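Analysis of the macromolecular model
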Amino acid sequence: MYMLDLLGVLYCGFAEFASPVNIIIGSHVWVEDPKLAWIDGEVTRINGDEVHVQTSNGKAVVTNISKVFPKDTEAPPGGVDDMTRLSYLHEPGVLQNLATRYELNEIYTYTGNILIAVNPFQRLPHLYDTHMMEQYKGAALGELSPHVFAIGDVAYRAMINEGKSNSILVSGESGAGKTETTKMLMRYLAYLGGRSGVEGRTVEQQVLEYKLGNPKSFHYLNQSNCYELDGIDDADEYLALRRAMDIVGISEEEQEAIFRVVAAILHLGNVNFVKGEEIDSSAIRDDKSRFHLNTAAELLRCDVQSLEDALIKRVMVTPEEVITRTLDPDNALASRDALAKTIYSRLFDWIVEKINISIGQDPNSNSIIGVLDIYGFESFKFNSFEQFCINFTNEKLQQHFNQHVFKMEQEEYSKEEINWSYIEFVDNQDVLDLIEKSPSLDDIDCDFNHLQKPGGIISLLDEAW
Ligand SMILES: Nc1ncnc2c1ncn2[C@@H]1O[C@H](COP(=O)(O)OP(=O)(O)O)[C@@H](O)[C@H]1O
Ligand SMILES: [Mg+2]
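Quoted verbatim from the Sequence similarities (unreviewed entry) field of the UniProt record, the comment on the protein chain reads "Belongs to the TRAFAC class myosin-kinesin ATPase superfamily. Myosin family."

**Quick look at the site of ligand 1**
Taken together, 14 residues lie around ligand 1, and Asn119, Gly175, Lys178, Thr179 and Glu180 are the ones closest in. Asparagine 119 is positioned such that a nitrogen or oxygen atom in its side chain is 2.9 Å from an oxygen atom of ligand 1. Protein contact buries 76% of the 560 Å² of open area that ligand 1 shows by itself.

**Some details on unusual backbone geometry**
Leaving glycine aside, a negative phi is the common case for residues, and trans is the common case for peptide bonds. Not every positive phi belongs to a glycine, and alanine 37 is a case in point at roughly 75 degrees. Relative to the assigned elements, alanine 37 resides in strand β3 (residues 37-47). Residue classification places alanine 37 among the partly exposed positions, given a relative accessible area of 36%. In this structure, asparagine 105 takes a positive phi of about 65 degrees despite not being glycine. Turning to its location among the elements, asparagine 105 is positioned in the loop between α2 (91-103) and β7 (108-111). Using a relative accessible area of 38% as the deciding quantity, one classes asparagine 105 as partly exposed.

**Quick notes on the UniProt feature "binding site: ATP" (unreviewed entry) in the protein chain**
Under the feature "binding site: ATP" (unreviewed entry), the UniProt entry names Gly172, Glu173, Ser174, Gly175, Ala176, Gly177, Lys178 and Thr179. Within the fold, glycine 172 resides in the loop between β9 (166-171) and α5 (178-193). Considering the arrangement of structural elements, one finds glycine 175 in the loop between β9 and α5. If we ignore the near neighbours within four places in the chain, the residues touching glycine 175 are Asn119 and Phe121.

What counts, and where the lines are drawn
Residues numbered from 1 in each chain as written. Chains lettered and ligands numbered in written order. Predicted model: local features only at pLDDT ≥ 70, side-chain atom pairs only at ≥ 80, totals over all residues. Heavy atoms only, no water. UniProt positions renumbered as here; feature names shortened; annotations may be inferred. Near = heavy atom within 4 Å. Polar contact = N/O pair within 3.5 Å; in protein donor to acceptor, adjacent residues only side chain to side chain. Areas by Shrake-Rupley, 256 points an atom, 1.4 Å probe, with all protein chains shown as cover. Helix = DSSP H or I, 4+ residues; strand = E, 2+ residues; numbered from the N terminus. Buried < 20%, exposed > 50% of the residue type's maximum accessible area, 1.4 Å probe, protein only. Contact = heavy atoms within 4.5 Å.

Written as structure tokens, this is what we have:
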């Protein structure tokens, strides 16, 4: 089961979907527009592959026939709630349908059993109230208007009735509405689960009230230059966070430990370096940095000298010996950030574990519903290893999506000898091979030497390291 927002689905390359249709003089068509993405118009002249179109906003456009898409002039005025009912499943047709529905505050649309959500950028409380939840309970997919609750319901029914585990994947660009959607899904699943937790709080309250606050001022926090947000009060958020921690069963002592670790990470971020006396070495920059180092060590309850060594030295263990190498200031900085990220990630895992225990996750449960709220594709002016990993993860998910939606489905049609026309899609397997392929031993050559075929980027990075 998948739930993708608009961009997630478009990435499959809808432009390839167009089935060949006769374009003649007088045809109603879509052509690309630099501002609007697509604009409709009428074909006025055809010259070989060259098509002249008079657009509805008064422009005369000349373009190649491969870039002209037929427009469905008989599409229902309110759009269709399942894209598979569109006469032409191509990018302009899909966007037009979503735009029409969006105008009517219909933010959800199906494409088969995939749900597309468009960010409404306004609260639509009537969509998510208890009455709505009650409506979707037990209703078959497609029986009611498209909704995120319907997706949750299918997953839940499959788990209860057939003992099947399900994953719901929420994908899309940053800001598309993934986290909001995930919260609605969790609220609905918690509602269906309907079990009371500690102190009379429902599972839903326990899960949803748990969110981490965002303390400001420190290097790790000030890089956006944004310190205040309208309608957000840090003190209130902090109190809400402490209350949520109480509810979820994190003891006073554990809460102190969490804040100690977070504070230590922030102090670590303010430790800076200068060149040391030896070549390619570094030292703590000044008294300020020394203060932050001392405080971080104190908060982490570790030896300050060991912490300093961990930042400015690298230890390599080989089968023969243990080699200690000093790091130049740039590498010391990278090592500081790596340590901070590792501590943060371990703390995060610990908190997740804690919440799972607290809300009574059954370790012997045979089936689960996984909800994946993933970071979307990122492309900045300067991209780091982190963007590489994020984008690689998204490519993997895209492949999974392709496998299910296109490859498996079409194989099934072939097997059952159903009459259908093959849908072209952009298979990103080559991209995945480029990144993750492991080096393979080639056939043994005539000298009986093994030839090693190079692997993908990750194995090359491994070797270089
Ligand atoms: N279903 C929704 N209803 C109301 N507002 C929404 C909805 N989805 C997204 N938003 C708005 O868009 C913002 C960004 O959404 P978010 O879920 O944080 O994006 P993402 O996780 O994809 O980066 C939210 O803070 C909220 O204001
Ligand atoms: Mg998010």
